[in-house]
Amino acid sequence: MESETPFVSSSAEEISDNTEATEKDEKTMDQKVLVAYFSATGTTRPLAEYAADILNADLYEIIAAEPYTDADLAYYTGGRADQEQNDPSARPGISGSVENLAQYDTILLGYPIWHGQAPRIIRTFLESHDFSGKTIIPFCTSHSSGAGSSADNLHSLCSDTAEWMGATRFAGGTSKSEIAAWLDSMLPDR
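Rules and cut-offs
Numbering of residues starts from 1 in every chain and runs along the sequence as written. Where totals are concerned, whole chains, interfaces and linings use all residues; where local detail is concerned, this predicted model gives features only for residues with pLDDT of at least 70, and gives and counts side-chain atom pairs only at 80 or more. Water and hydrogen atoms play no part in the side-chain values, which are based on all heavy atoms of the structure. Under the scheme applied here, a residue whose accessible area is under 20% of the maximum for its type counts as buried, over 50% as exposed, and between as partly exposed, the area being computed with a 1.4 Å probe on protein chains only. Strands are runs of DSSP state E lasting at least 2 residues, helices are runs of H or I lasting at least 4, and numbering of each runs from the N terminus. Between any two strands, pairing holds if DSSP finds at least two bridges. Looking down the strands as they point away from the viewer, one classifies a crossover as right-handed if the path from the first strand across the helix to the second runs clockwise. Here, the term nonpolar core denotes a set of buried Ala, Val, Leu, Ile, Met, Phe, Trp, Tyr and Cys residues that are joined through side-chain atoms within 4.5 Å. Every residue pair with non-hydrogen atoms within 4.5 Å of one another is taken to be in contact. Here, axes are lines fitted to C-alpha atoms. For helices the fit covers the stretch in contact, and angles between N-to-C directions go from 0 to 180 degrees. Here roughly perpendicular refers to angles of 65 to 115 degrees, roughly parallel to angles under 35, roughly antiparallel to angles over 145, and oblique to all remaining angles. By the definition used in this description, the sense in which the near helix is turned from the far one sets the handedness, with an anticlockwise turn below a right angle giving left-handed and a clockwise turn giving right-handed. Under the convention adopted here, Pro, Cys and the residues Ala, Val, Leu, Ile, Met, Phe, Trp and Tyr are nonpolar, Asp, Glu, Lys and Arg are charged, and Gly plus all remaining residues are polar. Any Lys or Arg side-chain nitrogen located within 4 Å of an Asp or Glu carboxyl oxygen qualifies as a salt bridge.

Colleague: Even after reading the chapter, I still don't get the pairing of strand β3 (residues 106-112), so can you show me in this structure?
Modeller: Remember that side chains alternate between the two faces of the sheet whenever the strand is regular. A large share of β3 lies buried, amounting to seven of its seven residues. Judged by which residues are buried, β3 turns out to be covered on both faces: Thr106, Leu108, Gly110 and Pro112 on one side and Ile107, Leu109 and Tyr111 on the other are all buried. Pairing of β3 with strand β4 (residues 135-141) involves seven bridges; the strand directions are parallel. Residue Ile107 lies in a different strand from β4, and its bridge partner there is Ile136. In this fold, β3 hands off to helix α5 (residues 120-127), which returns the chain to β4; that crossover is right-handed.

What follows is the structure in structure tokens.
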């Protein structure tokens, strides 16, 4: 007795939907992500590490050419950080650079909030690289301040073709599960 093979019909619309979903999945899987961050006191570092681990992304620490001391970081003392934040033209040097930034499609950019803004070294980082056609997802840490206009101010330093997402502020001590939930909302196709 011959067995019959069931006939399966798919409409052109179903085939098209499946093809688009497969292409989207492949595109998402092909996306290369970099988590770049600056963390003078260590508050931003664990969040960046969590994100890199969750996304299986590369991790790059933005390191000041001249490391910040506790005295440099003491708020409202006239220290180095105060001076830099009060000088819109300040561009602290960076030790090293990202190798082959062109390979990345998405960059998560982490930084602390200093006097309501990103540290000036983040401007140095953005002005040192070409972010054309890249998606940039800023996140910041602060014990008291919000993200404010930090991301908007940084966006203006990059090419108009860079896609900027809204900045998200996290408190010190944010858990890995909170970072995972945030990444799910920012990168739902990951």
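Let's pick the thread back up.
Colleague: Would you explain the nonpolar core in this entry?
Modeller: Side chains that are nonpolar tend, in soluble globular proteins, to be buried together. Ile62, Leu109, Ile122, Phe125, Leu126 and Phe131 are the most contacted members of the largest nonpolar core, which has 30 residues in total. Elements supplying a minimum of two residues to this core: β1 (33-37), β3, α5 and β4. With four residues, α5 is the single largest residue contributor to this core. Apart from the residues lying within four places of it in its own chain, the contact partners of Phe125 are Ala36, Tyr60, Ile62, Ile94, Val98, Leu109 and Phe131. Ala48, Ala51, Ala52 and Trp182 belong to the second-largest nonpolar core, a separate cluster that totals 18 residues.

Colleague: Looking at this structure, how should I read the packing of helix α2 (residues 45-55) against helix α7 (residues 176-186)?
Modeller: To describe two helices that pack against each other, one gives the angle between their axes and the distance between the axes. Following both chains from N to C, one finds α2 and α7 inclined at 60°, their axes separated by 9 Å at the closest point. Between α2 and α7, the interaxial angle falls into the category oblique. Relative to α7, the crossing made by α2 is right-handed. Every residue of α7 that contacts α2 at Leu47, Tyr50, Ala51, Asp53, Ile54 and Leu55 is listed here: Lys176, Ile179, Ala180 and Leu183. Here the contact of α2 with α7 is built from residues that sort into eight nonpolar, no polar and two charged.

Colleague: Can you help me understand the pattern of salt bridges in this one?
Modeller: As a working rule, side chains carrying opposite charge can pair if their charged atoms are close by. Throughout the structure, instances matching the rule amount to seven salt bridges. The residue Asp58 makes a salt bridge to Lys32 at a minimum N-O spacing of 3.5 Å. Here Asp58 is found in strand β2 (residues 58-61), whereas its partner Lys32 is found in the loop between α1 (12-30) and β1, with 26 residues between them in sequence. Classification of Asp58 by relative accessible area gives partly exposed; the value is 31%. We classify Lys32 as partly exposed; its relative accessible area is 31%. The salt bridge involving Arg91 is made with Glu127; its shortest N-O contact spans 2.8 Å. Of the two residues, Arg91 sits in the loop between α4 (80-85) and β3 while Glu127 sits in helix α5, which places them 36 residues apart along the sequence. What emerges from the salt-bridge pattern is a single network uniting Glu66, Asp72, Arg80 and Glu84.

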